[in-house]
Amino acid sequence: MPILEGMMTKSYQAIYNQWQVDPIGFWAAAAEDIHWYKKWDKVLDDSNAPFYHWFSGAQVNSCYNALDRHVENGRAGQLALIYDSPVTNTVKKFTYAELLDQVARFAGVLRSRGIEKGDRVIIYMPMVPEAVMAMLACARIGAIHSVVFGGFAAKELATRIDDAKPKLIVSASCGIEVARIIEYKPLLDEAIELSEHKPHACIILQRPQAQAAMVAGRDVSWDEVMQSSKPVECVPVAATDPLYILYTSGTTGIPKGVVHDNGGHLVALKWSMQYIYGINPGEVYWAASDVGWIVGHSYIVYAPLFHGCTTILYEGKPVGTPDPGVFWRVISEHNVTVLFTAPTTFRAIKRDDPNGEYVRKYDLSNFRTLFLAGERCDPATLHWAEQQLGVPVIDHWWQTETAWPICANLMGIEHLPVKPGSATVPMPGYDVRVLGENKQEVVSGQIGDIVIKLPLPPGCLPTLWQNDEGYKQSYLNSFPGYYITADAGYKDDDGYLWIMSRTDDIINVAGHRLSTGAMEEVLASHPDVAECSVIGVADELKGEVPLGTVVLKTGVERPHDEIVKELIQMVREKIGPVASFKTATVVKRQPKTRSGKILRGTMKKIADGAVYRMPATIDDPAVLDEIAADLAALGYPHK
Ligand code: COA
Ligand code: AMP
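In this text, all values refer to a predicted model and were calculated from it rather than measured experimentally. (Residues numbered from 1 in each chain as written. Chains lettered and ligands numbered in written order. Predicted model: local features only at pLDDT ≥ 70, side-chain atom pairs only at ≥ 80, totals over all residues. Heavy atoms only, no water.)

## Thoughts on the site of ligand 1
Near ligand 1 you find 24 residues, and of these Glu 177, Lys 317, Lys 542, Arg 572 and Lys 582 are the closest. Separating an oxygen atom of ligand 1 from a side-chain N or O atom of Lys 542 is a distance of 2.9 Å. Looking at the shell around ligand 1 element by element, the count peaks at three residues for helix α13 (residues 343–352). (Near = heavy atom within 4 Å. Polar contact = N/O pair within 3.5 Å; in protein donor to acceptor, adjacent residues only side chain to side chain. Helix = DSSP H or I, 4+ residues; strand = E, 2+ residues; numbered from the N terminus.)

Below, the structure written as structure tokens:
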């Protein structure tokens with residue numbers, strides 16, 4: 001690993017400069033740390049810009065790099081995966097050899113069901129080891145997986161089925177939310193009913209907590225098919241072939257199919273483990289997220305295994321399963337070195353254990369660093385975590401689209417001073433700029449659109465699934481030559497990035513990315529609703545939660561609370577419980593500009609109790625007073 005040795009003595013600035021001076025040489029050196037069947041013809045293929053491809057001409061396999069390689073190189077007996085599930089009272093451990101065996105056999109199952117390189121497989125599963133096995137089994141035979149988070153409703157799953165067109169779906173009979181059994185199978189059946197595309201087959205993991213009814217001729221049980229399966233070997237794929245599609249909220253009700261490829265993804269993720277997370281092969285890494293999100297893809301499954309670490313798959317919550325000490329129990333029981341989670345987790349723990357009494361019950365002496373991402377980290381939460389844990393707490397910033405951090409602290413190299421509220425500095429590979437309205441860079445301290453100069457580094461999305469035009473439209477067209485992050489913020493005099501808000505209609509609820517536009521589409525479909533808007537309002541626990549305001553059609557005289565209840569139920573059924581859509585109210589009018597645009601930003605400021613200026617373009621200022629009164633009736637702004 002030449003690059004690692006050469007870099008260990010350097011500073012952040014030296015490494016960033018090294019990348020700036022010779023980006024191709026930088027990534028070529030990092031790629032030496034990966035197993036390739038055939039090396040690349042070109043490190044960066046820019047012949048079809050603005051579509052860039054890393055390591056074109058190379059042949060590789062992500063599953064081989066995650067499992068076989070380690071088994072062949074002395075890690076066969078080391079733990080690869082620890083499944084810790086307080087909701088089922090289970091801890092199960094898999095060595096690299098055991099995980100490889102399961103994955104190779106499930107890959108055999110997929111193959112026997114006609115799945116080949118390039119075919120799509122949807123995985124709709126709770127946090128069970130079989131979800132990880134299914135992902136790696138797809139990677140093994142070059143099939144493209146698309147994991148759908150369990151908290152989404154059937155309609156959301158149906159949309160993804162229609163876009164990805166999977167030949168096969170892997171699912172489970174149920175998930176467990178604290179003590180509640182959530183039956184997945186009825187949701188899956190409904191989604192297949194709703195979708196135009198129909199999968200040929202479904203493989204269902206029957207969990208002891210619920211038995212799913214099977215559809216004859218289509219559904220088979222995981223255990224049954226695994227009994228007779230034969231293991232299969234890794235299939236070399238092009239570095240530029242897609243590894244997976246992960247759907248994420250866009251600005252409409254239709255989610256975007258973010259693609260990540262094999263080669264660049266391998267190189268960047270492996271690199272990030274050593275340099276950003278500062279962890280060594282053989283150590284235990286825990287990303288407390290869900291395999292349905294990007295954090296789960298990158299840092300529960302792929303990066304820790306690429307790096308030869310032990311990864312933790314945790315099925316539970318930070319509180320209530322059974323108490324706010326459960327994270328400290330997992331860290332001490334399994335010797336976790338690095339934890340990665342969302343600030344919401346810490347707000348939840350702090351709420352239930354403000355003085356950190358549970359923290360002191362456990363031996364955390366092997367715990368080295370806490371990383372937070374997914375939403376803005378408020379300084380109070382960061383300070384609390386630092387005080388309780390006595391380790392560095394690193395806020396870092398990235399997106400589903402990038403798959404690894406854009407801004408962070410290179411903990412494997414140099415721990416730069418933490419500035420609470422800032423995601424620290426750009427990582428090598430990312431030329432981050434802040435642009436103003438005239439598309440020129442603004443001076444430090446001034447807020448603008450945060451963009452990244454093209455090309456994006458390895459690991460980031462090369463395009464959207466079968467939608468090159470949508471990729472350009474969503475990310476490239478507004479600022480030619482740059483990728484638009486859709487985050488606004490500023491750079492300070494030391495080059496630290498401060499991520500302040502989204503520039504689109506995305507909100508961040510408990511670290512989950514959701515589109516208010518999609519929620520508005522649901523509200524607008526209610527027969528009594530004439531007009532509506534959804535805004536994200538500040539929430540002490542979840543950072544932000546959605547709040548809906550609706551104007552009723554003339555003549556509707558039904559009780560408002562009845563309509564509101566229906567609206568809440570509709571969002572739950574059409575988007576899912578994960579939206580946490582629990583508050584809506586009927587208003588007389590929406591505040592608008594003279595051209596008819598709803599003033600969502602101003603409403604948000606009123607709800608949050610923030611200072612706001614009367615928009616110059618407002619149609620009727622009196623509407624804002626009405627809205628303020630309606631929001632006050634709901635308890636906004638919170639005291
Ligand atoms: N399957 C089905 N339903 C799910 C689900 C899943 N996989 N995940 C969440 N839900 C449901 C929850 O049961 C809840 O339903 P409810 O409204 O009926 O209670 C709803 O979706 C919202 O879930 P959640 O956001 O998890 O809120 P919560 O109130 O249950 O728990 C926290 C609050 C703070 C404990 C929780 O949000 C949390 O653990 N946050 C950490 C965030 C995180 O890990 N983010 C990952 C990105 S790094
Ligand atoms: P997702 O694609 O779900 O990971 O969400 C990405 C979005 O979450 C980003 O575009 C930001 O808006 C937000 N986000 C992620 N990490 C941070 C952070 N450290 N600080 C502020 N916002 C963040």
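## A word on helix α15 (residues 468–476)
All of the buried residues in α15 are Gly 470, Tyr 471, Tyr 475 and Leu 476. One face of α15 carries all of its buried residues, which in axial projection span an arc of 170°. (Buried < 20%, exposed > 50% of the residue type's maximum accessible area, 1.4 Å probe, protein only. Arc of directions from axis to C-beta.)

## Here we look at the site of ligand 2
The local shell around ligand 2 holds 15 residues, among which His 396, Thr 400, Asp 487, Arg 502 and Arg 513 are the closest. The contact in question runs from a nitrogen atom of ligand 2 to an N or O atom on the backbone of Glu 375, over 3.4 Å. In isolation ligand 2 exposes 500 Å². Once the protein is present, 93% of that is buried. Partitioning the shell around ligand 2 into residue classes produces four nonpolar, five polar and six charged. (Areas by Shrake-Rupley, 256 points an atom, 1.4 Å probe, with all protein chains shown as cover. Nonpolar A, V, L, I, M, F, W, Y, C, P; charged D, E, K, R; others polar.)

## Some words on the sheet that holds strand β17 (residues 310–314)
The sheet built from seven strands is open, its strands ordered β5-β4-β17-β16-β18-β19-β20 with mixed pairing. If you trace the sheet from one side to the other, it starts and ends with β5 (90–95) and β20 (393–395), each paired once. Each strand of the sheet is rotated relative to its neighbour by a mean of 20°, with strand direction disregarded. Across four bridges, the pairing between strand β4 (residues 79–85) and β17 is parallel. Residue pairing across strands places Asp 84 opposite Tyr 314, the latter belonging to β17. (Pairing = 2+ DSSP bridges. Axes fitted to C-alpha atoms, helices over the stretch in contact; angles between N-to-C directions.)

## Re the domain arrangement of the chain
Partitioning the chain into domains gives domain 1 (7–316 + 396–488) and domain 2 (510–633). The gap between the C-alpha centroids of domain 1 and domain 2 is 34 Å. Contact with domain 1, which involves 19 residues of that partner, is made by 14 residues of domain 2. Each partner contributes to the roughly 1,100 Å² buried at the junction of domain 1 and domain 2, and carbon and sulfur atoms together form 50% of this total. Linking domain 1 to domain 2 there are one salt bridge. Put simply, Arg 513 and Glu 401 hold a salt bridge, and the shortest N to O gap is 2.8 Å. Where domain 1 meets domain 2, there are five residue pairs in polar contact (both at pLDDT 80 or more). Among the elements that make up the side of domain 1 that touches domain 2, the one with the highest residue count is helix α7 (residues 154–164) (three residues). Of the residues in the side of domain 1 that touches domain 2, the class split is five nonpolar, nine polar and five charged. (Domains from an automatic or database assignment. Contact = heavy atoms within 4.5 Å. Buried area = accessible area lost by both parts, 1.4 Å probe. Salt bridge = Lys/Arg side-chain N within 4 Å of Asp/Glu carboxyl O.)

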